[in-house]
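Chain by chain, the residues run as shown.
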Amino acid sequence: MEHKQTIAQLKQEIADLKRENLKLTALKESAEEKLSAALDGTGLCLWEQYIPTGELTIFNREWGDLLGYSEQELAAHIDSWKGNLHPEDREWVIAAFDDHVQGKVDTYQAVHRMIHKDGSVSWVSDRGRIIEYGPKGEPLRIMGTHIDITQEKRYELSLAELAHNDPLTHLLNRKALEKAFCQHRLCGQVDCGAMFFIDLDGFKAINDKHGHRFGDLLLIHVADLLRSTVGEDVPLARMGGDEFVILHPSSDIGLLTDLAKRLLQRYQCPVQLDGKQVSIGLSIGICLYQSGDEFITVCEYADRAMYEVKRQGKHGYSFWQEPLECTG
């Protein structure tokens, strides 16, 4: 009799434990649903990794949404994360993660790029910290956050571009050109070179006749011409209005003369643009410089040479008549 009571009591305890387990499981699922609902739409992903296997537990869907994948397409594993890191960031980001796992630093944190399913770039801010160690002190689990900062980063990069580029032509502005000039001088990248100071002939009349929109199209046309003629590696700037500058790394008179003639030749005939035909000219002043010369001085001399072209009839080129001495 006592044996039967013991079995009945054990059965009752097992049933109670099962009910309690079901209750706790339901509470756990409810808590996870609430956490996921709270996190979804924030751009923040909460994750946990079991280090020995590399398996990831993602507590909300932002991880896949960030990169354009469904849960079925993107496996929750450390290898999936590594595989979607931007190639230029992959090595140092993985090294930063490993440094924390190996105990070299207290936390893992990195702002880096990842590759979206459509090939575009997403920016993320990663943070993580080991939360469990094994009996021998080996790291077992790491938990962290993964925040989508793509919009903020694009805004930051746009501000940086606006600070250094002309918004209409996307050439450098004066500040950025001076910085490039000084960097070349200080780093010794260019011992000497030449500055082309270019002013458009007849631009004001065209702008007044056809309007500012057409004038902007013409400025873009000139910028594209300069870029295609001198190449992407040569610093180009719009100094404001209809003034452009080429910072050429060569001091070879023959090469510079040939470049000036090619630019003039491109505008020897009228330009067909936006259904209109207009004639535009280039007055080009050229000043040779050495690495020790000041930006403002070189600008002034190139500008004087350009105005000499204006005085002599426009659409031509002229070297500064008292060039800064340069060898090479």
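Just above sits the structure.
Residues numbered from 1 in each chain as written. Predicted model: local features only at pLDDT ≥ 70, side-chain atom pairs only at ≥ 80, totals over all residues. Heavy atoms only, no water.

Enquirer: Quick question: what am I supposed to make of the sheet that holds strand β12 (residues 316-319) here?
Expert: The strands that make up a sheet are held in pairs by hydrogen bonds between backbone atoms, and each pair lies either parallel or antiparallel. Taking strand neighbours across the sheet as the criterion, the 5 strands line up as β7-β8-β6-β11-β12 in an open arrangement whose pairing is mixed. Pairing within the sheet leaves two strands with one partner each, and these edge strands are β7 (236-240) and β12. Each adjacent strand pair in this sheet contributes to an overall mean axis angle of 20°, direction not counted. Relative to β12, strand β11 (residues 281-290) is paired through 4 bridges, and the arrangement is parallel. Within β12, the residue paired with G285 across the bridge is S318. (Pairing = 2+ DSSP bridges. Helix = DSSP H or I, 4+ residues; strand = E, 2+ residues; numbered from the N terminus. Axes fitted to C-alpha atoms, helices over the stretch in contact; angles between N-to-C directions.)

Enquirer: Sorry, what's going on with helix α7 (residues 203-210) here?
Expert: Turn by turn, an α-helix covers 3.6 residues, leaving residues three or four places apart pointing in a common direction. For α7, the complete set of buried residues consists of F203, I206 and N207. End-on view of α7: buried residues confined to an arc of 100°, all on one side of the axis. Summarising the geometry of α7, the exposed residues directed more than 90 degrees from the buried face are K204, A205, D208 and K209. In this structure, the buried residues of α7 make contact with β6 (192-201), α8 (212-230) and β10 (276-278). Directly after α7, the chain includes G211, whose backbone phi takes a positive value near 95°. (Buried < 20%, exposed > 50% of the residue type's maximum accessible area, 1.4 Å probe, protein only. Arc of directions from axis to C-beta. Contact = heavy atoms within 4.5 Å.)

Enquirer: For this particular structure, what's the right way to read the sheet that holds strand β2 (residues 55-58)?
Expert: In space, the 5 strands of this open sheet follow the order β2-β1-β5-β4-β3, with antiparallel pairing throughout. Pairing within the sheet leaves two strands with one partner each, and these edge strands are β2 and β3 (108-115). With strand direction ignored, the average angle separating the axes of adjacent strands in the sheet is 30°. Across the face of the sheet, helix α4 (residues 90-101) comes into contact with β1 (44-50), β3, β4 (121-133) and β5 (139-148) while running at roughly 150° to β3.

Enquirer: Help me out: how do you make sense of the packing of aromatic side chains in this one?
Expert: Two aromatic rings, taken as a pair, are described by how far apart their centres are and by the angle between their planes. According to the stated counting rule, one finds 7 aromatic pairs in the structure shown. Taken together, a centroid distance of 6.5 Å and an interplanar angle of 85° make the contact between W81 and Y108 edge-to-face. Placement of the pair is W81 in helix α3 (residues 78-83) and Y108 in strand β3, with a sequence separation of 27 residues. Residues W81 and Y108 agree in their burial class; the two are buried. (Phe/Tyr/Trp six-rings, centres within 6.5 Å; stacked < 30°, edge-to-face > 60°.)

Enquirer: Mind showing me how you'd approach the packing of α7 against α8 here?
Expert: Two quantities define a packed helix pair, namely the angle between the helix axes and the distance between the axes. Between α7 and α8, the shortest axis-to-axis distance is 6 Å and the interhelical angle comes to 140°. By the criterion of interaxial angle, the relationship of α7 to α8 is oblique. On α8, the residues touching F203, I206, N207 and H210 of α7 are H212, F214, G215, L218 and L219. Residue classes in the contact of α7 with α8 are distributed as 5 nonpolar, 4 polar and no charged. (Parallel < 35°, antiparallel > 145°, perpendicular 65-115°, else oblique. Nonpolar A, V, L, I, M, F, W, Y, C, P; charged D, E, K, R; others polar.)

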